[in-house]
Amino acid sequence: MADHQTHVLFVEDDDVIREATQLALERDGFAVTAMPDGLSGLEAFRANRPDIALLDVMVPGLDGVSLCRRIRDESTVPVIMLSARADSIDVVLGLEAGADDYVTKPFDGAVLVARIRAVLRRFGHAGGSAHPDGTPSAVNGGTLVFGDLEVDTEGMEVRRAGRPVALTPTEMRLLLEFSSAPGTVLSRDKLLERVWDYGWGGDTRVVDVHVQRLRQKIGQDRIETVRGFGYKLKA
């Protein structure tokens, strides 16, 4: 295996989908560990420490949402949930559990690969390319202070009232976007483009859930909702 090859953990109980998707990912240059249930998926995660995890919501033993929580307790590795229905509550549950994105089944292999590469670019893993132009450019280094919130844009560290705040890479990128333009309203579509690297329309629930998670960590009143427009960081 080449040193730069990206390792994907894929947990899916449907044999046909699991095998076909594994082959498709391997053709695109990924190394894939495929597991049929949540418990074996957790064991494989701990043994192999993959670069990214693809978790089907409905897998036996330990469902995908619970598996995502277990992974998130141990790691900030990017997680993409796979859900059979776009309108399913499972999508929100997966995001609330710490997933970074989701893909609806049935999915096109090329679309799945594009989403994987988009996540990897954000996280700086192998298999992705340089950060897109949408990466925050207004944050040029140093520590930004917003009330009791301190954002170290060089060390990628956050403190609230002097205490460290643990953020996932996606949450950190979201906070950097807000920090680069405090007091400016950022639309959900703009955040999808800049943080999630969506060059197309996406599900704004991804943004809403991540903003909710970020608020829980940095203060509920730090990010303001501007109804009909988006969100802004209180300067």
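Residues numbered from 1 in each chain as written. Predicted model: local features only at pLDDT ≥ 70, side-chain atom pairs only at ≥ 80, totals over all residues. Heavy atoms only, no water.

Glancing now at the overall build of the protein. Helices and strands together make up the secondary structure of the protein, namely eight helices and eleven strands. Contacts spanning at least 24 positions in sequence make up 59% of the contacts within the protein whose residues lie at least 6 apart. (Helix = DSSP H or I, 4+ residues; strand = E, 2+ residues; numbered from the N terminus. Contact = heavy atoms within 4.5 Å.)

A word on the nonpolar core. Judged by nonpolar contacts, the single largest core of 49 residues is most densely connected at Leu-55, Met-81 and Phe-178. Sorting elements by how many residues they give to this core places helix α8 (residues 205-218) first, with six residues. Setting aside anything within four residues of it in sequence, one finds Phe-178 in contact with Leu-186, Leu-191, Val-211, Leu-214, Ile-223, Tyr-231, Lys-232 and Leu-233. Of all hydrophobic cores here, the second largest spans 16 residues; its members include Phe-10, Val-103, Val-113 and Ile-116. (Core = buried A, V, L, I, M, F, W, Y, C linked by side-chain atoms within 4.5 Å. Buried < 20%, exposed > 50% of the residue type's maximum accessible area, 1.4 Å probe, protein only.)

Turning our attention to the sheet that holds strand β8 (residues 157-160). Pairing is antiparallel across the open sheet formed by four strands, whose spatial order is β6-β7-β8-β9. Every other strand in the sheet has two partners, leaving β6 (143-146) and β9 (163-165) as the edge strands with one partner each. Averaged over all adjacent pairs, the angle separating strand axes in this sheet is 25°, with direction ignored. Where β6 meets strand β7 (residues 149-152), four bridges bridge the pair, whose relative direction is antiparallel. Pairing of Leu-144 across the sheet is with Val-151, part of β7. Against the sheet, helix α6 (residues 169-180) makes contact with β6, β7 and β8, and its axis sits at roughly 105° relative to β7, the strand it touches most. (Pairing = 2+ DSSP bridges. Axes fitted to C-alpha atoms, helices over the stretch in contact; angles between N-to-C directions.)

Our next topic: the confidence of the model for the protein. In this model, the protein carries a mean pLDDT of 85, and residues with pLDDT of at least 70 account for 88%. A low-confidence stretch, residues 125-140 stays under pLDDT 50, and its non-local contacts, those more than four residues away or across chains, total 28 contacts. (pLDDT = per-residue confidence, 0-100.)

The terminal C-alpha atoms of α8, which comprises 14 residues, lie 20 Å apart, in line with the 20 Å expected from a rise of 1.5 Å per residue. Gly-219 lies just past α8 and shows a positive phi near 120°. (Expected span 1.5 Å × (residues − 1).)

Below, the discussion takes up the pairing of strand β4 (residues 79-83). Along β4, five of the five residues are buried, which leaves the element largely enclosed by surrounding structure. On β4, burial covers both faces: Val-79, Met-81 and Ser-83 on one face and Ile-80 and Leu-82 on the other are all buried. Judged from the four bridges that link them, β4 and strand β5 (residues 101-104) form a sheet pairing that is parallel. The partner of Met-81 across the bridge, within β5, is Tyr-102.

Turning next to the sheet that holds strand β1 (residues 7-11). Across the sheet, five strands lie side by side as β2-β1-β3-β4-β5; this open sheet has parallel pairing. Every interior strand has two partners, whereas the edge strands, β2 (31-35) and β5, have only one. Across the sheet, the mean angle separating the axes of adjacent strands is 20° when strand polarity is ignored. Looking at chain direction, β1 and β2 are connected through five bridges and run parallel. Residue pairing in the sheet places Val-8 in a bridge with Val-32 of β2.

Here we come to the environment of Leu-25. With respect to the helices and strands, the residue Leu-25 is situated in helix α1 (residues 15-27). In this structure Leu-25 comes out as buried when scored by relative accessible area, which is 1%. Separated by 84 residues in the primary sequence, Leu-25 and Gly-109 place their C-alpha atoms 7.9 Å from one another. Apart from the residues lying within four places of it in its own chain, the contact partners of Leu-25 are Val-8, Phe-30, Val-32, Leu-54, Leu-112, Val-113 and Ile-116.

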